[in-house]
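The residues making up each chain are set out below.
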Amino acid sequence: MELEPAAGRGWRPAGVGFVVTFVAGLVASSALAKTSLYLPDASAAQLREYYTGSAAAVVTAAALQAVAAVCLAWFGVGLARTLDPGGPVARRVRWAGGAAAAAFGASVALSLLLVAIADDAGDGTLKALGRLTLACGGALHLTALGVLVWLVSRTGLPAGFRPRWALRFGLVLAPLLAVSLVSIVVTPVTRLEPLWRLLSAIWMIAVATAGRRRAVATVPQS
């Protein structure tokens, strides 16, 4: 018995890298920020104060989170090749991973834009951009990530992908991540996002470190 080819292993550190750089971005933002900001309820004055006074925190966190977005895209592409080389599921997994990474990357770009225009932009512009930043980095990113988790878990179980406990966990996690989409309209739902992110990190690390296809029989050559 031998393991089926896994299309390279470079996607494995990318999965862990996403989690590590995302957390590092949060830590850097908290350590460097001069004021705190709760984005869902922030007024225009609070947004202006934060993005002008804590520009170093925003830029540092954005740099780390840009790396995280690249890691997530890489993770999705490699995982797709490993799970279903050349098959239709691989295309859907790549699209889901790409959408999750793109939404996250958009939130990074918007946060840098807010730093650039915070001094001069009108209150309405600041609030609109703040809400868009929140939606891209939260609801849209997590919903796309939920699609990725669902596709991998649903396809991986019958295909013998491992670890099986992580795939079963993913079938429960994916619908929870989709709930994040509600936060675009009902902002209090954003309070659940730290929990969704923690559970997603557990799934991603498990798949990145232990994910592999089942062993298949090989016919010895005479």
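So, here's what we can say about the structure.

Rules used in this analysis
- Residues numbered from 1 in each chain as written.
- Predicted model: local features only at pLDDT ≥ 70, side-chain atom pairs only at ≥ 80, totals over all residues.
- Heavy atoms only, no water.
- Phe/Tyr/Trp six-rings, centres within 6.5 Å; stacked < 30°, edge-to-face > 60°.
- Helix = DSSP H or I, 4+ residues; strand = E, 2+ residues; numbered from the N terminus.
- Buried < 20%, exposed > 50% of the residue type's maximum accessible area, 1.4 Å probe, protein only.
- Arc of directions from axis to C-beta.
- Contact = heavy atoms within 4.5 Å.
- 1 Å grid on protein atoms, 1.4 Å probe; cavity = no way out; pocket = protein on both sides within 12 Å on 5 of 7 lines; lining within 4 Å.
- Points joined across faces, edges and corners; volume = space filled by probe spheres on them.
- Nonpolar A, V, L, I, M, F, W, Y, C, P; charged D, E, K, R; others polar.

**Examining the packing of aromatic side chains**
Summed over all chains, the structure comprises five aromatic pairs. Aromatic pair Trp 11 and Phe 75: ring centres 5.8 Å apart, planes at 50 degrees, arrangement tilted. Pair noted here: Trp 11 is in helix H1 (residues 11-32) and Phe 75 is in helix H3 (residues 55-83), with a separation of 64 residues, a long-range link. We note that Trp 11, like Phe 75, is buried.

**Observations regarding helix H2 (residues 44-53)**
Listed as buried for H2 are Ala 44, Leu 47, Tyr 50 and Tyr 51. In a view along the axis of H2, the buried residues occupy a sector of 130 degrees, so they form one face of it. Here the buried face of H2 lies against H1, H3, helix H4 (88-117) and helix H5 (123-159).

**Some points on the layout of surface pockets**
Of the pockets and cavities examined, the largest pocket occupies roughly 1,100 Å³. Around the largest pocket sit 41 residues that line it, and Phe 22, Leu 26, Leu 39, Gln 65 and Arg 197 are the ones nearest its centre. Of all elements in the fold, only H1, H2, H3, H4, H5 and helix H7 (193-210) reach the threshold of two or more residues within the lining of the largest pocket. Of the residues forming the lining of the largest pocket, the biggest block, eight residues, is contributed by H1. Across the lining of the largest pocket, the residue classes break down as 25 nonpolar, 14 polar and two charged.

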